[in-house]
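Remarks on the overall topology
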Amino acid sequence: MIRDRGPNFTAAFDAVLADAGIRTVLCNVRTSRMNAIAERWIGGCRRELLDRTLAWNQNHLRRILCDYQTYHATSTGRTAPCTALRR
């Protein structure tokens, strides 16, 4: 297990891992900056890829269409049942 040098990890914590057969490797001293870089990269991927995805699968598309149909019907004063969920 790779872990940082934070004060919340005590020698007892390492002893429990050692008893379970897990070897503990400490990170370098300045590794906290790497965490910020990784979080920024992952956040960028999430914003660029996941937020711009329109529909994941057919079920998700049906739900989106149902919400759209319901919103459009209520905003124009009409009442229409959601037919997007029908197969």
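Presented here is an overview of the structure given in this document. (Residues numbered from 1 in each chain as written. Predicted model: local features only at pLDDT ≥ 70, side-chain atom pairs only at ≥ 80, totals over all residues. Heavy atoms only, no water.)

What follows covers the pattern of salt bridges. Overall, the coordinates contain one salt bridge when judged by the stated rule. Put simply, Arg-3 and Asp-14 hold a salt bridge, and the shortest N to O gap is 2.8 Å. Here Arg-3, found in strand S1 (residues 2-3), pairs with Asp-14, found in helix H1 (residues 11-19); they are eleven residues apart in sequence, far enough to count as distant. With a relative accessible area of 8%, Arg-3 lands in the buried category. The partly exposed category is assigned to Asp-14, whose relative accessible area is 23%. (Salt bridge = Lys/Arg side-chain N within 4 Å of Asp/Glu carboxyl O. Helix = DSSP H or I, 4+ residues; strand = E, 2+ residues; numbered from the N terminus. Buried < 20%, exposed > 50% of the residue type's maximum accessible area, 1.4 Å probe, protein only.)

With that settled, the discussion passes to the packing of aromatic side chains. For any two aromatic rings, the description comes down to two numbers: the centre-to-centre distance and the angle of the planes. Counting across every chain of the model gives one aromatic pair. Relative to Phe-13, the ring of Phe-9 has its centre 5.0 Å away and its plane inclined at 45°; by these criteria the two rings are tilted. The exposure class assigned to Phe-9 is partly exposed, which follows from its relative accessible area of 26%. (Phe/Tyr/Trp six-rings, centres within 6.5 Å; stacked < 30°, edge-to-face > 60°.)

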